[in-house]
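# Report on the structure
Listed here are the chains, written in short residue letters.
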Amino acid sequence: MIAPTLNAYLAISVLLFAIGLIGVLVRRNVLVIFMCLELMLVASTVALVAFSRFNGTMDGNVFVFFILTVAAAEVAVGLAIIVALFRKRQTTAVNELNTLKN
Amino acid sequence: MADVLFNVFALLTVIAAAGVVLNRNAVNASMCLLLSLVGVAGLFVALDAYLLAFLLLLVYAGAIVALFLFIVMLLDAKGDVPAPIHKIPLLARIMAFALVTVGLISFFTRGRIVSPDLATTPALGSSLKLYAYQLFTIYLLPVQILGFLLLIAMLGVIVLSKKFEGMDDIK
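Residues numbered from 1 in each chain as written. Chains lettered and ligands numbered in written order. Predicted model: local features only at pLDDT ≥ 70, side-chain atom pairs only at ≥ 80, totals over all residues. Heavy atoms only, no water.

### What about the packing of aromatic side chains?
Note the following rule: For this analysis, a ring pair means two rings from Phe, Tyr or Trp (six-membered ring only for Trp) whose centres lie within 6.5 Å, classed as stacked if their planes differ by under 30 degrees, edge-to-face if by over 60, and tilted for the remaining angles. Helix and strand labels come from DSSP, where a helix needs a run of H or I of at least four residues and a strand needs a run of E of at least two; each type is numbered from the N terminus. Think of it in three bands: residues with accessible area under 20% of the maximum for their type are buried, residues over 50% are exposed, and the middle band is partly exposed, with areas taken using a 1.4 Å probe on protein chains only.
According to the stated counting rule, one finds 5 aromatic pairs over all chains in the structure shown. Centroid distance A:Phe34 to B:Phe68: 5.5 Å. Interplanar angle 65 degrees. Geometry classified as edge-to-face. Of this pair, A:Phe34 sits in helix H2 (residues 30-55) while B:Phe68 is found in helix H3 (residues 50-75), placing the two residues in two different chains. An identical accessibility class is assigned to A:Phe34 and B:Phe68; each is buried. An aromatic cluster of at least three residues, connected via ring pairs, comprises A:Tyr9, A:Phe54 and B:Phe6.

Below, the structure is given as structure tokens:
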């Protein structure tokens, strides 16, 4: 049983971020990579809320509020780009989307 | 009781996050993402940020994951195979191993932040009034910019996904 200290919350945040980063590096599907990006974003919000609660300030919470809004806009635009890409190339695998390479 | 809830939600969050990475099927991965977000919302409740937990469930779990599922179904995305380990360059392998080792050592030997006492620290995140006050006084300009950002994002998505007549020569 782990006590809910600031260290514990930060450890969870770091773990989530690391898992998301591994997913971005390892997976080949654009959609799954995008999901892992979202995971990293959420990991940062956990750290912000934890710091805000343990320091008795409000700024971290408000910042998370902004992050949520920006994430919603980002996902909408990102998925639209992925759909446009799929229409042109008929694939979501990143190792086939290499037109900009070389 | 709070300790037990914290542990349950922390475990749920991390295991479900691992499920996002490990699942071959994109639909299962997005379902794991949903579960992980529920865990994070539980952690927010443990941190007395009720509004943020509610918003996380509403915006992320309700809208974003639903959008992901919709696109996964629309594109009929196949599962993928992760890169085999012998294809990763030796230098990258050594550097990753060194980074993990240094990170673990520094995590266990130093970097302990003295945790302030929660009973004496005011839980400002639980007060709805404070959010409103902050958003409409100190953070008024960011809120307005955010409104413009959402408008621009909406226009961008429309331009990206609409097929325009007679513009084939430009594309």
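Once you've had a look at it, read on.
### With respect to the pattern of salt bridges
Rules: Salt bridge, as used here: a side-chain nitrogen of Lys or Arg that lies within 4 Å of a carboxyl oxygen of Asp or Glu.
Inspection of every chain in the model, using the stated rule, returns 1 salt bridge over all chains. For B:Asp48, the salt bridge identified is with A:Arg53, shortest N-O distance 2.9 Å. A residue pair is termed interchain when its members come from two chains, as with B:Asp48 in the loop between helix H2 (26-46) and H3 and A:Arg53 in helix H2. As far as the burial class goes, B:Asp48 and A:Arg53 line up, both buried.

### Side note on the interface of chain A and chain B
Just so we agree on the cut-off: Should any heavy atoms of two residues lie within 4.5 Å, those residues are counted as being in contact. Buried surface area refers to the total accessible area, computed with a probe of radius 1.4 Å, that the two partners give up upon joining, counted for both partners together. Each polar contact in these results corresponds to two N or O atoms within 3.5 Å; when the atoms are within protein, one needs to be able to donate a hydrogen and the other to accept it, and residues that are neighboring in sequence are counted only if both atoms are side-chain atoms. When residues are sorted by character, Ala, Val, Leu, Ile, Met, Phe, Trp, Tyr, Cys and Pro go into the nonpolar class, Asp, Glu, Lys and Arg into the charged class, and all the rest, Gly among them, into the polar class.
Contacts between the two partners involve 64 residues from chain A and, on the opposite side, 72 residues from chain B. Overall, the association of chain A and chain B removes approximately 6200 Å² of surface from exposure, summing both partners, and the carbon and sulfur fraction of that is 78%. Our count for the contact surface shared by chain A and chain B stands at 1 salt bridge. At the surface where chain A touches chain B, the tally comes to 9 residue pairs in polar contact (both at pLDDT 80 or more). For the side of chain A that touches chain B, the secondary structure elements donating two or more residues are helix H1 (6-26), H2 and helix H3 (59-89) of chain A. Counted by class, the side of chain A that touches chain B contains 47 nonpolar, 11 polar and 6 charged residues.

### A word on unusual backbone geometry
Glycine aside, residues mostly have negative phi angles, and peptide bonds mostly take the trans form. A positive phi angle, close to 60 degrees, is found at A:Gln90, a residue other than glycine. Overall, the relative accessible area of 55% leaves A:Gln90 in the exposed class. Non-glycine residue B:Asp48 carries a positive phi angle of around 65 degrees.

### A short note on the nonpolar core
How we decide: Here, nonpolar core means buried Ala, Val, Leu, Ile, Met, Phe, Trp, Tyr and Cys residues that are tied together by side-chain atoms lying within 4.5 Å of each other.
Among the nonpolar cores identified, the biggest contains 64 residues, and A:Leu31, A:Leu79, B:Leu33, B:Phe44, B:Tyr60 and B:Phe68 are the most heavily contacted of them. For this core, the secondary-structure elements that each account for two or more residues are H1, H2 and H3 of chain A together with helix H1 (2-22), H2, H3 and helix H5 (128-136) of chain B. If near-sequence neighbours (up to four positions away) are discounted, B:Tyr60 is found in contact with A:Glu38, A:Leu41, A:Val42, A:Leu68, A:Ala71, B:Leu37, B:Leu55 and B:Val65.

### Quick word on empty space enclosed by the protein
Put simply, the rule is: In this analysis the probe radius is 1.4 Å and the grid spacing 1 Å, with only protein atoms considered; a cavity is a set of points the probe fits into but cannot get out of, a pocket is an open set with protein on both sides within 12 Å along at least five of seven lines, and lining residues have an atom within 4 Å of a point. Grid points are joined across faces, edges and corners, and a volume is the space filled by probe spheres set on the points.
Inspection of the entire model under this criterion finds 1 cavity of 30 Å³ or more. Roughly 50 Å³ of volume is contained in the largest cavity. Along its surface, the largest cavity is lined by 14 residues, and A:Arg53, A:Asn61, B:Leu47, B:Leu124 and B:Gly125 are the ones closest to its centre. At 3 residues, the largest contribution of residues to the lining of the largest cavity is made by H2(A). A per-class count over the lining of the largest cavity returns 6 nonpolar, 6 polar and 2 charged.

### Remarks on the side chain of A:Thr92
Locating A:Thr92 in the fold gives a position in the segment after H3. Looking at A:Thr92, its side chain comes within polar contact range of the side chain of A:Asn29, at 3.4 Å.

### What to know about a nonpolar patch on the surface
Residues and elements named next belong to chain B. The condition is simple: Here a patch means residues that are over 30% exposed by relative accessible area and free of salt bridges, tied together within 9 Å if like-charged and within 5 Å if nonpolar (Val, Leu, Ile, Met, Phe, Trp, Tyr). In this description, accessible areas are obtained by the Shrake-Rupley approach with a 1.4 Å probe, and a residue is regarded as covered only by the protein chains that are shown.
On the surface, a nonpolar cluster with roughly 600 Å² of combined accessible area is contributed by Phe148, Leu151, Ile152, Met154, Leu155 and Ile158. Among the secondary structure elements, Met154 is positioned in helix H6 (residues 140-161). Given the relative accessible area of 47%, Met154 is considered partly exposed.

### Brief notes about the domain arrangement of chain B
The test is simple: Segmentation of the chain into domains, including their bounds, is taken from an automatic or database domain assignment.
What the domain assignment lists for chain B is domain 1 (1-79) and domain 2 (127-162). The centre of domain 1 of chain B, based on its C-alpha atoms, is set 24 Å off from the matching centre of domain 2 of chain B.

### Comments concerning the packing of H3(A) against H3(B)
Using the following cut-off: Axis lines are fitted through C-alpha atoms, for helices just across the contact stretch, and the angle between N-to-C directions can take any value from 0 to 180 degrees. Every angle not falling under 35 degrees, over 145, or within 65 to 115 is termed oblique; those three ranges are roughly parallel, roughly antiparallel and roughly perpendicular.
At a minimum axis separation of 11 Å, H3(A) and H3(B) run at an interaxial angle of 5 degrees. The pairing of H3(A) with H3(B) is recorded here as roughly parallel in orientation. Facing H3(A), whose interface residues are A:Asn61, A:Val64, A:Phe65, A:Leu68, A:Ala71, A:Ala72, A:Val75, A:Ala76, A:Leu79, A:Ile82, A:Val83 and A:Phe86, H3(B) presents B:Leu52, B:Leu55, B:Leu56, B:Val59, B:Tyr60, B:Ile64, B:Leu67, B:Phe68, B:Ile71, B:Leu74 and B:Leu75. Considering only residue class, the contact of H3(A) with H3(B) consists of 22 nonpolar, 1 polar and no charged.

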